[in-house]
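As a plain string of letters, each chain reads:
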Amino acid sequence: MSFIHKVYCQVFANIRNGLIKSNVVLEKIMPLLTPTAIVVGVLNESRLLPFTGLVPWIFAVMTLIGSLKSNLKDLLGVLLKPQKLIILMVILHIVMPLIGWLAAMAFFPGDPYTVTGYVLLFAIPTGVVSVVWVSMYGGNIALTLALILIDTLLSPIVVPGTLYLLMGASVEIQLGDMMKGLLWMVVIPSVVGMLLNQWTKGKVNTVCGPPLAPFVKVGLFVVVSINGASIARYLKHPDGKLAIIIGVTFITVVLGYVIGALVSRRFRFSYEDSVAVQFNSGMRNLSAGAVLSVKYFPPAVALPVISGMLFQQILAAMSGLFLRSRTKRLLSEGALMQANTVSQLEPPSSSRTDDRPC
């Protein structure tokens, strides 16, 4: 019996290590994951469309796994000093939706569906995958997790409310159904994940988090592929409008990262806080946005959201490289200033020997 138990433990350990290693590989190819998924979806439209009904379920599981890192202690710690959290919420749900709405109104006047797509693009909560980028670059994980949890819990109110305020009656919005969808697809899994973490005192994340992490990336790939198939007819026959949509999306998404960086510098945040603010200002839960756009709106609304998936991870990687290069430059400048200060404080060495005693 002990031999069988040892074999079982060894097999389990090998599977766990294999999953953890696969997650490392998936994190390295994250910038290419979502664009590839869109291509797969477009090329396999007829095969993937029958699985559209599975998307909310897959997304709920992804949210649950991602929420295993959350706990009440980190949440309360951020809430006691909410300045950075409030700043991020203002950027995410006031500044960026207005920028998206204004840009869409300027480039697509008289096209309420595309305008709605841009409002939805910037109304959805920050991305769960931002935890990956923030941790990779040594950012404030507690702030990121607290933001994700609070932003997610408020999403059934914030997302429909933002759409209604900016779009009004110009587009039919299924507010009740959307709130219910966000509630069970995002909010309930997040609460369950946080309670599991709290109940097990973090053990569930330590034991289950690492081996389950690759399933989040795989789930993301599947969700994006199926949603890509839903709008394949638009992407298979690109025109000038689609090119403009991609261009406008690129510029507006970049502005999210830029605003996060400028705000961090303006308030002189620490490096850890700057990393968290910059990534969370630029990233969005686009897989959730794609699910909402496909489920509750005409296909044209999904185009801005899907186009954001083409380069969100690539922009996150570029943002990380910018942070790293800026940090190296600041460290080298600090070391140079310190060296100059030390040299000024040291007494000048003299080569004269006249005053030396015999």
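Starting afresh in each chain, residues are numbered from 1 along the sequence in its written order. The predicted origin of the model limits local features to residues at a pLDDT of at least 70 and limits the giving and counting of side-chain atom pairs to 80 or more, whereas totals for whole chains, interfaces and linings rest on all residues. With hydrogens and water set aside, each side-chain value is computed from the structure's full complement of heavy atoms.

Student: So what's going on with the pattern of salt bridges? Residues and values would help.
Tutor: Note that side chains of opposite charge can pair when their charged atoms are close. For this document, the term salt bridge refers to a Lys or Arg side-chain nitrogen within 4 Å of an Asp or Glu carboxyl oxygen. One pass over the full model with this rule turns up two salt bridges. One salt bridge in this structure joins Lys 84 and Asp 273, with 3.5 Å as the shortest N-O distance. Of the two residues, Lys 84 is situated in helix H6 (residues 83-107) and Asp 273 in helix H14 (residues 271-282); the sequence distance between them amounts to 189 residues. Between Asp 111 and Lys 241 there is a salt bridge, with the nearest N and O atoms lying 2.5 Å from each other. In this pair, Asp 111 is assigned in the loop between H6 and helix H7 (112-123) and Lys 241 in helix H13 (residues 240-266), connecting sequence segments 130 residues apart. Asp 111 sits in the buried class, given a relative accessible area of 16%. Looking at Lys 241, the relative accessible area reads 38%, which means it is partly exposed. Only DSSP runs of H or I with at least four residues qualify as helices, and only runs of E with at least two residues qualify as strands; both kinds are numbered from the N terminus onward. The rule is simple: take the accessible area with a 1.4 Å probe, protein chains only, and divide by the maximum for that residue type; under 20% is buried, over 50% is exposed, in between is partly exposed.

Student: Account for the nonpolar core, with residues named and values stated.
Tutor: Counting residues in hydrophobic clusters, the biggest one holds 80 residues, and the most contacted among them are Leu 120, Trp 133, Phe 279 and Leu 292. Looking at this core, the element that brings in the most residues is H6, giving nine residues. It only takes one pair of heavy atoms within 4.5 Å for two residues to be counted as in contact. Excluding its chain neighbours within four sequence positions, the residues that come into contact with Trp 133 are Met 30, Pro 31, Phe 279, Met 283, Gln 313, Ala 316 and Ala 317. Each nonpolar core is a collection of buried residues, namely Ala, Val, Leu, Ile, Met, Phe, Trp, Tyr and Cys, held together in the definition by side-chain atoms within 4.5 Å.

Student: I'd love a proper account of the packing of aromatic side chains, names of residues and values included.
Tutor: In summary, the pairing rule links any two rings of Phe, Tyr or Trp, Trp by its six-membered ring, whose centres are within 6.5 Å, and it sorts them by plane angle into stacked for under 30 degrees, edge-to-face for over 60 and tilted for everything else. Evaluated as defined, the whole model comprises two aromatic pairs. Both rings, one in Phe 108 and one in Tyr 118, keep their centres 6.1 Å apart while their planes meet at 15°; by these two values the pair is stacked. Residue Phe 108 is located in the loop between H6 and H7, and its partner Tyr 118 is located in helix H7; the two are separated by ten residues in the primary sequence. With a relative accessible area of 6%, Phe 108 lands in the buried category. For Tyr 118, a relative accessible area of 0% translates into the label buried. Taking 5.8 Å as the distance between ring centres and 15° as the angle between the ring planes, the aromatic pair formed by Phe 267 and Phe 269 counts as stacked. The partly exposed category is assigned to Phe 267, whose relative accessible area is 41%. Here Phe 269 falls in the buried class, since its relative accessible area comes to 12%. Charges are assigned to positions over rings by a cutoff of 6 Å between ring centre and Lys NZ or Arg CZ, combined with an angular limit of 35 degrees from the ring normal. Note that Arg 266 overlies the ring of Phe 267, its terminal NZ or CZ placed 5.8 Å from the centroid.

Student: An account of the confidence of the model for the chain is needed here, citing residue identities and associated values.
Tutor: In predicted models, pLDDT denotes the confidence assigned by the predictor to each residue on a 0 to 100 scale. On average, residues of the chain score 80 in pLDDT, and 87% of them reach the 70 mark or higher. Looking at the elements of the chain, mean pLDDT is at its lowest for helix H17 (residues 312-345), recorded as 67, and at its highest for H6, recorded as 93. Within the model, the stretch residues 351-358 combines pLDDT values under 50 with one contact to residues more than four positions away or in other chains.

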